Amino acid sequence: MDALLQHLVNGLVLGGTYALLGIGLTLIFGLMNVVNFAHGEFYTLGAYATFAAVALSSLPFLGALAVAVAAGVIVGALTEVTLLRSLRGRSIDTVMLVMIGLWIAMQNGELLIWGGVAKSIPHPFPTAPLTLGPLSIAPLRVFVLAAALALILGAHLIVHRTRLGRAMRATFQDADTAALMGVRIGRIHTATFALGSGLAAAAGALLGPIFLAYPAMGDLAALKAFSVVILGGLGNVAGATLGGLLLGIAEELGAGYVSSGYRDAVGFIIIILVLLLRPSGLLARAERVG
């Protein structure tokens, strides 16, 4: 039982960051109908921005996290304005090809700037684990879980409790009617892509200090993000949150009770089962993005 509790806690830490990745991807797809193959590169961008801010600019760790999220938001907004805006109304295949090109360009740019050697991101938390009864967890992982939950709550409040979120949901339901009601569709698309990219960068900034930062780290993260969205249902924020947490817990249980080598395989087996039994996802519904 003690080992099970430990795996559940570790799974929640991992699942919280998966949820951030999934929420960003599902917002972009649900509202803009864009399959963002470059989503993992914004995750990598967040990790490298944190490394640059902490190790090279000597910023405090929390300040570095803010810089990473800001970098994701800014690059995401620029991507929407310079690449996606002119493609509005084009086929989804065309947009997918452009996003694949962006993925390759960003990854090669990271390789050119940072080289192929993995970077360790410094953090201010002690390495000695906290012990709470049978549980033992590193202070950094506690912080990551708390920060991920706070960001998930923030994303939920933006979508459901703000004027921007109301405009986003209206645009998803009927863009033409929303435009007639005064919603500026172009700005909503830019804000949505920037928000989704910022969440992906936040996930990279949080997980980067736990693991390492390297140019190809976004490839697996993108696969996890798509898995989370498939689990929860396309365009569903609550579904992405649930999918991320379930995927993180499933991976930890698989690594603990089967083999660490099968960590990723266990998660993808669950996704196959969900697709067979409920192809639209766990929380899919008629009205999405919210």
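Please read all numbers here as calculations on a predicted model, not as lab measurements.

Caption draft 1: Structural detail: the nonpolar core. Of all hydrophobic cores here, the largest spans 74 residues; its most connected members are Leu20, Ile23, Met99 and Leu206. Sorting elements by how many residues they give to this core places helix H1 (residues 2–32) first, with 12 residues. With near-sequence residues (within four places) excluded, Ile23 lies in contact with Ile152, Ala155, Leu199, Val237, Ala240 and Thr241.

Caption draft 2: Up close: the side chain of Glu252. With respect to the secondary-structure elements, Glu252 resides in helix H10 (residues 237–257). Filtering out sequence-adjacent residues up to four positions away, Glu252 remains in contact with His7, Asn10, Gly11, Leu14 and Arg263.

Caption draft 3: Summary view of a nonpolar patch on the surface. On the surface, Met1, Leu4, Leu5, Leu8, Tyr257, Val258 and Tyr262 cluster together into a nonpolar patch covering about 710 Å² of accessible area. Tracing the backbone shows Tyr262 in the loop between H10 and helix H11 (263–277).

Caption draft 4: Summary view of helix H8 (residues 185–207). With 23 residues, H8 ought to run about 33 Å at 1.5 Å a step, and its terminal C-alpha atoms sit 33 Å apart, in line with that. Counting buried positions along H8 yields 21 of 23 residues, so the element is predominantly enclosed.

Caption draft 5: Fine view of unusual backbone geometry. A positive phi angle, near 60°, is found at Asn33, a position not held by glycine. Position of Asn33 relative to the elements: it lies in the loop between H1 and helix H2 (39–56). Classification of Asn33 by relative accessible area gives partly exposed; the value is 44%. The residue Ser58 is not glycine, and still its phi comes out positive at about 60°. Residue position: Ser58 is located in the loop between H2 and helix H3 (61–84). Among the residues examined, Ser58 registers a relative accessible area of 61% and is labelled exposed.

Caption draft 6: Structural detail: the confidence of the model for the chain. Taken over all residues, the pLDDT of the chain has a mean of 90, while the share at 70 or more is 98%. Element-level pLDDT for the chain is lowest in H11, with a mean of 82, against a maximum mean of 96 in H3.

Caption draft 7: Up close: the packing of H1 against H10. As a packed pair, H1 and H10 sit with axes 6 Å apart at the nearest point and diverge in direction by 145°. Here the hand of the crossing between H1 and H10 comes out right-handed. Here the residues of the contact of H1 with H10 sort into 16 nonpolar, 11 polar and 2 charged.

Caption draft 8: Up close: the packing of aromatic side chains. Applying the stated criterion to the full structure yields 7 aromatic pairs. Both rings, one in Phe37 and one in Phe226, keep their centres 5.7 Å apart while their planes meet at 40°; by these two values the pair is tilted. Separated by 189 residues along the polypeptide, Phe37 in the loop between H1 and H2 and Phe226 in helix H9 (residues 217–232) bring together distant segments of the chain. Residue Phe226 is classed as partly exposed on the basis of its relative accessible area of 24%. Taken together, the aromatic side chains of Tyr48, Phe51 and Trp114 make up a single cluster linked through ring pairs.

Caption draft 9: Focus on the pattern of salt bridges. Per the stated rule, a full pass over the model turns up 5 salt bridges. Between Lys224 and Asp264 there is a salt bridge, with its nearest N and O atoms 3.0 Å apart. Remark: Asp264 occurs in helix H11 and Lys224 occurs in helix H9; sequence separation between them is 40 residues. Take Lys224: its relative accessible area is 4%, and that puts it in the buried class. A single salt-bridge network, built from bridges that share partners, covers Glu80, Arg85 and Arg88.

Caption draft 10: Inspection of the environment of Ala55 at higher detail. Its place among the elements puts Ala55 in helix H2. Distance in space between the C-alpha atoms of Ala55 and His123 is 9.6 Å, their sequence separation being 68 residues.

Caption draft 11: View of the packing of H9 against H11. Two elements in contact, H9 and H11, have axes whose closest approach is 10 Å; the angle formed by their N-to-C orientations is 30°. Classified by the interaxial angle, the pair formed by H9 and H11 is roughly parallel. Of the two elements, H9 crosses H11, and the hand of that crossing is left-handed. Residues Leu220, Leu223, Lys224, Ser227, Ile230 and Leu231 of H9 pack against Asp264, Phe268, Ile270, Ile271, Val274 and Leu275 of H11. Tallied by class, the residues present in the contact of H9 with H11 amount to 9 nonpolar, 1 polar and 2 charged.

Definitions and limits used
Residues numbered from 1 in each chain as written. Predicted model: local features only at pLDDT ≥ 70, side-chain atom pairs only at ≥ 80, totals over all residues. Heavy atoms only, no water. Core = buried A, V, L, I, M, F, W, Y, C linked by side-chain atoms within 4.5 Å. Buried < 20%, exposed > 50% of the residue type's maximum accessible area, 1.4 Å probe, protein only. Helix = DSSP H or I, 4+ residues; strand = E, 2+ residues; numbered from the N terminus. Contact = heavy atoms within 4.5 Å. Patch = residues over 30% accessible without salt bridge, like charges linked within 9 Å, V, L, I, M, F, W, Y side chains within 5 Å. Areas by Shrake-Rupley, 256 points an atom, 1.4 Å probe, with all protein chains shown as cover. Salt bridge = Lys/Arg side-chain N within 4 Å of Asp/Glu carboxyl O. Expected span 1.5 Å × (residues − 1). pLDDT = per-residue confidence, 0-100. Axes fitted to C-alpha atoms, helices over the stretch in contact; angles between N-to-C directions. Left-handed = near helix turned anticlockwise from the far one by under 90°. Nonpolar A, V, L, I, M, F, W, Y, C, P; charged D, E, K, R; others polar. Phe/Tyr/Trp six-rings, centres within 6.5 Å; stacked < 30°, edge-to-face > 60°. Parallel < 35°, antiparallel > 145°, perpendicular 65-115°, else oblique.

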